[in-house]
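Listed here are the chains, written in short residue letters.
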Amino acid sequence: MKDRLEVRIVLFYAVFIILTQNRALADFDSKSHEVNSDSVGEEEWEMVQTKGMQFTLNGQPFYVNGFNTYWMMTLAADNSTRGKVTEVFQQASAVGMTVGRTWAFNDGQWRALQKSPSVYDEEVFKALDFVVSEARKYKIRLILSLVNNWDAYGGKAQYVKWGNASGLNLTSDDDFFTNPTLRNFYQSHVRAVLNRVNTYTNITYKNDPTIFAWELMNEPRCPSDPSGDKLQSWIQEMAVFVKSLDAKHLVEIGLEGFYGPSAPTRTRYNPNPYAAQVGTDFIRNNQVLGIDFASVHVYPDSWISPAVSNSFLEFTSSWMQAHVEDAEMYLGMPVLFTEFGMSAHDPGFNTSFRDMMLNTVYKMTLNSTRKGGAGAGSLVWQVFPQGVEFMDDGYAVYLTRAHTASKIISLQSKRLAIFNSLCGWKCKWGCKKKNHTALDALLSHDEL
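Definitions and cut-offs
Residues numbered from 1 in each chain as written. Predicted model: local features only at pLDDT ≥ 70, side-chain atom pairs only at ≥ 80, totals over all residues. Heavy atoms only, no water. Salt bridge = Lys/Arg side-chain N within 4 Å of Asp/Glu carboxyl O. Helix = DSSP H or I, 4+ residues; strand = E, 2+ residues; numbered from the N terminus. Buried < 20%, exposed > 50% of the residue type's maximum accessible area, 1.4 Å probe, protein only. Pairing = 2+ DSSP bridges. Axes fitted to C-alpha atoms, helices over the stretch in contact; angles between N-to-C directions. Parallel < 35°, antiparallel > 145°, perpendicular 65-115°, else oblique. Left-handed = near helix turned anticlockwise from the far one by under 90°. Contact = heavy atoms within 4.5 Å. Nonpolar A, V, L, I, M, F, W, Y, C, P; charged D, E, K, R; others polar. Phe/Tyr/Trp six-rings, centres within 6.5 Å; stacked < 30°, edge-to-face > 60°.

Peer 1: Before we go on, may I ask you to explain the pattern of salt bridges in this structure?
Peer 2: Note on pairing: side chains with opposite charge can pair once their charged atoms come close. By the definition in use, this model includes 17 salt bridges. Here K243 makes a salt bridge to D292, at a shortest N to O gap of 2.7 Å. Here K243 is found in helix α7 (residues 229-245), whereas its partner D292 is found in the loop between α8 (282-286) and β11 (294-298), with 49 residues between them in sequence. In this structure D292 comes out as buried when scored by relative accessible area, which is 18%. By sharing partners, the salt bridges in this structure join R101, E215 and E339 into a single network.

Peer 1: So what exactly am I meant to see when it comes to the sheet that holds strand β1 (residues 49-51) here?
Peer 2: The antiparallel open sheet is built from 3 strands, whose spatial order is β1-β2-β3. Each edge of the open sheet is held by one strand with a lone partner, namely β1 and β3 (60-61). Inspection of the sheet shows β1 paired to strand β2 (residues 54-57) by 3 bridges, in the antiparallel sense. In the sheet register, K51 faces β2, and the bridge partner there is Q54.

Peer 1: Please clarify how the packing of helix α3 (residues 82-94) against helix α4 (residues 122-137) should be interpreted in this entry.
Peer 2: In a packed pair of helices, the relevant descriptors are the angle between the two axes and the axis-to-axis distance. Orientation of α3 relative to α4, taken along the N-to-C sense of each, is 30°, at an axis distance of 9 Å. Between α3 and α4, the angle is such that the two are roughly parallel. In this structure, α3 meets α4 at a crossing whose hand is right-handed. In contact with R82, V85, T86 and F89 of α3, α4 contributes F130, V131, E134 and A135. The residue inventory of the contact of α3 with α4, partitioned by class, reads 5 nonpolar, 1 polar and 2 charged.

Peer 1: Looking at this structure, I do not really get the packing of aromatic side chains. What am I missing?
Peer 2: Geometry of an aromatic ring pair is reported as the spacing of the ring centres plus the angle between the planes. The tally for this structure, following the rule as stated, stands at 33 aromatic pairs. Relative to F212, the ring of F62 has its centre 6.2 Å away and its plane inclined at 35°; by these criteria the two rings are tilted. Pair noted here: F62 is in the loop between β3 and β4 (64-68) and F212 is in strand β9 (residues 211-215), with a separation of 150 residues, a long-range link. Among the residues examined, F62 registers a relative accessible area of 9% and is labelled buried. For F212, a relative accessible area of 1% puts it in the buried group. Their ring planes at 90° and their centres at 5.7 Å tell us that Y70 and Y153 sit as a pair that is edge-to-face.

So yeah, pure geometry; function would need other evidence.
In structure tokens:
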């Protein structure tokens, strides 16, 4: 009888969470998405931390259903497009997303944040302030990436150009990782961002719980050194440097997740032979002091073949499972799948297959969540409001017209909300087996 009563309590509490969330979303819509920034009380807006293989918030687990929208600072810098940033947060919040990822860099390009080393456009910095303040209004936390591996928005190539302009004789973009002057340029940018006082909230970035984590670099690669030693050295220096400025926030590298020389038996999970030659090494890189959680990207259309096929889903499942296992066995930290998606430009693309991709990623995340494993969540690439099609790289998910995708995303948010509240309420990281039965019954349904 006691066992049955506990199961009933668990089910009642789960249903209560769902009804509460649905009511909140209904209220959100009825108020035309108006949110008061004062509604986020300091007592409930704390820093996200880690405890073993989970993220935690106020002592409870914090599993993530999130999104990417890389261009928010750029569009916020123009009054005519600033409202699109608000729309992103409105729409993401309406489907229960709690973490967003965006760029805190734009180096020497159109609407540059950093026009030259340590020289900033104050209006663009205020645009980043706006992005952070809007995220806070909608109770969405941000992963802020600090530089790009790629040429878009400047990246390491722009740092090399700045170095040569200052009298250096650099011949490779990978000199970004080894040249002392370029390392200093990067550290100066990190210092400028972390010590920035937000002009909207008056909160210093390094003290703002709105920021979920700092990302050292978007998709770092150093193909000139397949051994991985150059990139490893850079990660070691920069992780400690960021922590020296800000010991409160989490730090991650920004890796795609490729296996390298330190784990030759794991390279079979790489999407292609070249992936082991780009200078990254998932396990070794994430063992660096100062790194709090691992990141992985999931792009079968870029890495295997652009033609849509079931191999996408098979790869996604094995790729994610391998990294969850490694995070548990070797790293002892959460792993977040910080980018995944598929392009509308892929031959054979259709929205139904994209929905299958969403379901596959979410299922793999839930499989880990059920067991209290290291799979801590995922962030789709990427969420767009209507009216910014000119920024679309093919991967945009327009929540207001992708109705099935929106339902799938919302369902995942509700499922994770159950774990975030239930598991912290009574059963901590490993719910008792009798309670798992009730939860599994709930989570096996397509609709809650």
